[in-house]
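Fold and geometry: a report
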Amino acid sequence: MIFYRCFIILILCCLAVPVYAQESSNLYGAIGLNVVPSARMDERGNVRAGISTLDPYAHSFLSFQLAEPLSVVLRQSAEISSLRNDAARLYPGMDLKFRTIKETRSRPAIAIGLQSAIGHKRMAGEYIAASKRYKNFDFTGGMGWGRYASAKHFDNPLSVLGSHFDKTRALDGELPTSPSDWFTGEHIGLFAGVEYFTPWDGLSLKFDYGADRYAAESTAFGFDVPAPWSAGINYKPKPWVDIGVAAQGVDKIMARLSFQGNVKNWRDQDAQDIRAEDVPFRPYRTGLALPSEMEVAAAGEDIILHGVNADNRRAAGYVELHGHASTPRQMARAAKHMANHAGTDIEEILLTPTRLGLRGPNVGLMRRDLEHALAKHNASTQEIWQNTSFTPTTGKAFHKHARSFDHGYGVHDINLTLKTQASLAEEDSGVLYRTSLIAETQAPSLFGWIDNFFGVRVNLADNLEALNEFRPLVNPRSILPVRANVDEFAAQTFAIDTAYSAFTHSFRSDLHLSLMGGYLEEMYAGFGGEILYRPFDARWAVGAESFMALKRDPLSGLNLQMNGDHVLTAHVNGWYDIPALDLTLGAKVGRYLAEDFGATLSLGKTFDNGAKLEGYITVSDAVDFDLFGGVTHADHGVRLSLPLGGYKYVPRGVKADTSFAPFGRDIGQSLDNPLPLYVLTEGFSLRHMADHWGDITP
């Protein structure tokens, strides 16, 4: 049955290493009591997957703590009388919660939440909650709108701010929730509760009084509304398991089971780069400066040093970065080999990080600092930082890539990705999923200037036949679909995923260019490029990209032929690193693959271990339709990437990418740029250098 399948998928999605968390979720997946929310948040990076039930619904949910004050929940609510039956109706939604005030000794934590901020109206409701701890008790109180206001305790206090807030609000209907519905309605409801943490580890008691009177359900099918109070227990037999059971009034039972873990505790992806058999840093200086020996010695540890030269006081060279370790760690390993063969007089090691022909600033490391820290172990990373210089590179002639025939490299950098997409946001098909294995490699470059990439995809499992069974009944597939025919691509067991050539170049250390052409992603071939301006010491970056996209035919051999559809896409891109939240805000505005215009906002976090967590939303001037006649202008989702190379016997370059987003959307879709410049140049930024400077002394 659908919820058994859903439950199995949710458990598999919760992959992170467990961490003990005192907080627990409520019925809908947000941190809270039994059925009401609280102002509490998970620890940053925490991921929860769970299922819950309270007549007349069963809920499956995935929650992501993107930042300390920001939580996102993807939820699928099913109208169902028994978990053994298929659902009568499905009500998907994306829930948000922002903590606006942090708890102190004298004031409570305060959070603003939006349930079904994007999703079905029936589950939609907004709230403001305050929570305060006193010894073993955690008290919560708040007010709600929409679903949380059906008790009609008071008039809407926000109505004095404008006509938007006091308009009549529909608590049900086929149109999705939109910002025009948020915090509206003639009334509000009040809710409150308390959680008591017992002396037994992992056991707490929850009591709450809600304001949900099931108005939509009473109107739709005469639902017998339970009492507004509930009392229950929450138990964590293991740090990664959370079980809740509560009585809702005297005649209904709520049950919830969830699993949680923290992405930031995932094993370090470059742990295998630190090996006991590594060549040590020589504590004493001898011999002559030998640049050629520096390159050869580094190559023995799979470190690519190129263009090395030396004079009386300085040894300089380029170090080719890979994406599996921090720049300071890779520079430290390269600097060790340069210093070991630098003779007696050289005092500065000057390294320029490069990647695929792109280059960052010159980083000047004082040899004496490295000797004291890495060989004699009597200096700190802060001392190395104080004497390190960062200078821009400008106006240099173009140099060949390190990985060319001149350096004896053939096919290299083989990466394996287990790619899974799941969707809880389908009104017609419930939980959809697709899993593929993608193998990618970089072929030898042409004259050291043109890089060549090749990837194959093996489709392992999916249930996307539901797309073809239901949606064409009310929304026939376009003759030239954008991504609506994803089921046809998934039906091909084996296909060419990518096969393209690319030219990348840095005019300066802050101005980068890429040009590419070929099979750029699974569904599209084409040609185009990107330009990026990213100052070394700035928290922001801007750029632009444009592609002529040619739609691939999934019914052709290996998906190599085109179906005749072509479109020019173009976007202006921007990024900003938010220091208070330790998040990167991304924005893009322009023309998408359906010739629609819109904008995308994203929030992402890359953890020190290489794990990445990102949420995004795209709004377009076009619409997509669902089975029940509703329309949406938005596409949204969450992505989670976990590197597996830190585990024993797993090669570097293996990772698991999981995304939770609707399938088959045509609006707001952009071509997947296979070489995003912002990602490629992350290791060149001051923020990256500072955040990972501790790796300079591994």
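Residues numbered from 1 in each chain as written. Predicted model: local features only at pLDDT ≥ 70, side-chain atom pairs only at ≥ 80, totals over all residues. Heavy atoms only, no water.

As for the side chain of T184
Applied cut-off: Per the convention used, a helix needs a DSSP run of H or I reaching at least four residues, while a strand needs a run of E reaching at least two, with both numbered from the N terminus. In the analysis that follows, any N or O atom pair within 3.5 Å is treated as a polar contact, provided that within protein one partner can donate a hydrogen and the other can accept it, and provided that, for residues neighboring in sequence, both atoms belong to side chains. Any two residues whose heavy atoms approach within 4.5 Å are treated as being in contact.
By secondary structure assignment, the location of T184 is in the loop between strand 8 (154–155) and strand 9 (187–197). Side-chain polar atoms of T184 contact the backbone oxygen of D181, separated by 2.7 Å. Among all residues touching T184, those that are not within four sequence positions of it are E126, W145, G146, N156, H164, F165, K167 and R169.

Digging into the packing of aromatic side chains
Stated formally: When the centres of two rings from Phe, Tyr and Trp lie within 6.5 Å, Trp using its six-membered ring, the rings pair. Their planes under 30 degrees apart give stacked, over 60 give edge-to-face, and anything left gives tilted. Per-residue accessibility, obtained with a 1.4 Å probe over protein chains only, is compared with the maximum for each type, and a residue is labelled buried under 20%, exposed over 50%, and partly exposed between these values. Criterion for a charge above a ring: Arg CZ or Lys NZ at most 6 Å from the ring centre, at most 35 degrees from the ring normal.
Taken as a whole and assessed by the stated rule, the structure comprises 18 aromatic pairs. The interplanar angle of 75° and the centroid separation of 5.0 Å between the aromatic rings of W145 and F183 together place this pair among those described as edge-to-face. One end of the pair, W145, is in the loop between strand 7 (137–144) and strand 8; the other, F183, is in the loop between strand 8 and strand 9, and 38 residues separate them in sequence. Pair check on accessibility: W145 and F183 agree, each one buried. Relative to W693, the ring of W385 has its centre 4.9 Å away and its plane inclined at 75°; by these criteria the two rings are edge-to-face. One end of the pair, W385, is in helix 6 (residues 381–386); the other, W693, is in the segment after helix 10 (686–691), with 308 residues separating them in the sequence. Ring pairs connect the aromatic residues W385, F390, F536 and W693, which therefore count as one cluster. Over the aromatic face of Y678 sits the side chain of R534, whose NZ or CZ is 3.9 Å from the ring centroid.

Quick word on helix 4 (residues 327–340)
Rule in force here: To estimate the expected span of a helix, count its residues, drop one, and scale the result by 1.5 Å.
With 14 residues, helix 4 should reach 20 Å at 1.5 Å per residue; the first-to-last C-alpha distance of 20 Å fits that figure. A large share of helix 4 lies buried, amounting to 14 of its 14 residues.

Regarding the nonpolar core
Operational definition: By nonpolar core is meant a set of buried Ala, Val, Leu, Ile, Met, Phe, Trp, Tyr and Cys residues that side-chain atoms within 4.5 Å join together.
Grouped together as the largest cluster of nonpolar side chains are 61 residues, with contacts concentrated most on L305, V319, M338, L351, L365 and L675. The greatest single-element share of this core, amounting to six residues, is contributed by helix 4. Those residues in contact with L365 that sit more than four places away from it in its chain are A335, E347, E348, I349, L351, L370, I384, T388 and W693.

Concerning the layout of surface pockets
The line we're drawing: Buriedness for pockets is judged along seven lines, at least five of which must meet protein on both sides within 12 Å for an open set on the 1 Å grid over protein atoms alone, while cavities are sets there where a 1.4 Å probe fits but cannot get out, and lining residues have an atom within 4 Å of a point. Grid points are joined across faces, edges and corners, and a volume is the space filled by probe spheres set on the points. Polar here means any residue other than Ala, Val, Leu, Ile, Met, Phe, Trp, Tyr, Cys and Pro, which are nonpolar, and Asp, Glu, Lys and Arg, which are charged; Gly is therefore polar.
Considering only enclosed or pocket space, the second largest pocket measures out at about 610 Å³ in volume. Forming the walls of the second largest pocket are 28 residues, and the residues nearest its centre are M94, I118, W182, I617 and V619. Elements supplying a minimum of two residues to the lining of the second largest pocket: strand 3 (70–79), strand 4 (89–101), strand 5 (109–119), strand 29 (597–606), strand 30 (612–625) and strand 31 (631–643). If you tally residues by element for the lining of the second largest pocket, the top one is strand 31, at five residues. A per-class count over the lining of the second largest pocket returns 21 nonpolar, seven polar and no charged.

Topic: a nonpolar patch on the surface
We apply this condition: For patch building, the residue pool is restricted to those with more than 30% relative accessible area and no salt bridge; the joining distance is 9 Å between like charges and 5 Å between nonpolar side chains (Val, Leu, Ile, Met, Phe, Trp, Tyr). The Shrake-Rupley method, run with a 1.4 Å probe, gives the accessible areas here. Residue values count only the displayed protein chains as cover. For this document, the term salt bridge refers to a Lys or Arg side-chain nitrogen within 4 Å of an Asp or Glu carboxyl oxygen.
On the surface, Y533, W540, V542, Y576, L585 and L601 cluster together into a nonpolar patch covering about 520 Å² of accessible area. Position of Y533 relative to the elements: it lies in strand 25 (residues 524–533). Exposure remark for Y533: the relative accessible area of 31% places this residue in the partly exposed category.

Digging into unusual backbone geometry
Note: most residues except glycine have negative phi, and most peptide bonds are trans. Of the consecutive residues D55 and P56, the connecting peptide bond is found in the cis state with omega at 15°. Its place among the elements puts P56 in the loop between strand 1 (46–54) and strand 2 (57–67). Backbone geometry at L356 places phi at a positive 50°, although glycine is not the residue there. With a relative accessible area of 11%, L356 lands in the buried category. Its identity is not glycine, yet D582 carries a phi of approximately 55°, on the positive side. Mapping D582 onto the fold places it in the loop between strand 27 (562–578) and strand 28 (583–591). Relative accessible area serves as the criterion here: at 27%, D582 is assigned to the partly exposed category.

Notes on the pattern of salt bridges
Evaluation of the coordinates by the stated rule reveals 40 salt bridges. Among the salt bridges present, the one from E682 reaches R534, with a minimum N-O distance of 2.5 Å. Of this pair, E682 sits in the loop between helix 9 (677–680) and helix 10 while R534 sits in the loop between strand 25 and strand 26 (540–552), and the two are 148 residues apart along the sequence. Note on R534: relative accessible area 7%, which makes it buried. Here the residues in one salt-bridge network are E23, R40, E103, K132, R133 and D138, joined through shared partners.

Topic: the side chain of S25
Here S25 shows up in the loop between helix 1 (2–13) and strand 1. Once residues within four sequence positions are removed from consideration, S25 is found in contact with A30, I31, G32, L33, R48, F61, K206, D242, R256 and S258.

Remarks on empty space enclosed by the protein
Enumeration over the complete set of coordinates arrives at 11 cavities of 30 Å³ or more. Of the volumes computed, that of the second largest cavity is approximately 140 Å³. Lining the second largest cavity are 13 residues; nearest its centre among them are V35, G210, A211, D212 and Y214. Taken together, the residues of the lining of the second largest cavity sort by class into eight nonpolar, three polar and two charged.

Brief notes about the confidence of the model for the protein chain
For clarity, the cut-off: Across the chain, each position has a pLDDT score giving the predictor's confidence in that residue, from 0 to 100.
Counting all residues, the mean pLDDT for the protein chain is 87, and 88% of those residues have values of 70 or more. Predicted confidence in the protein chain is weakest over helix 1, with a mean pLDDT of 46, and strongest over strand 26, with 98. Considering only residues more than four positions removed or in separate chains, one finds that residues 1–21, a stretch of pLDDT under 50, has 69 contacts. The low-confidence segment residues 403–410, where pLDDT is below 50, has 18 contacts with residues more than four positions distant or belonging to other chains.

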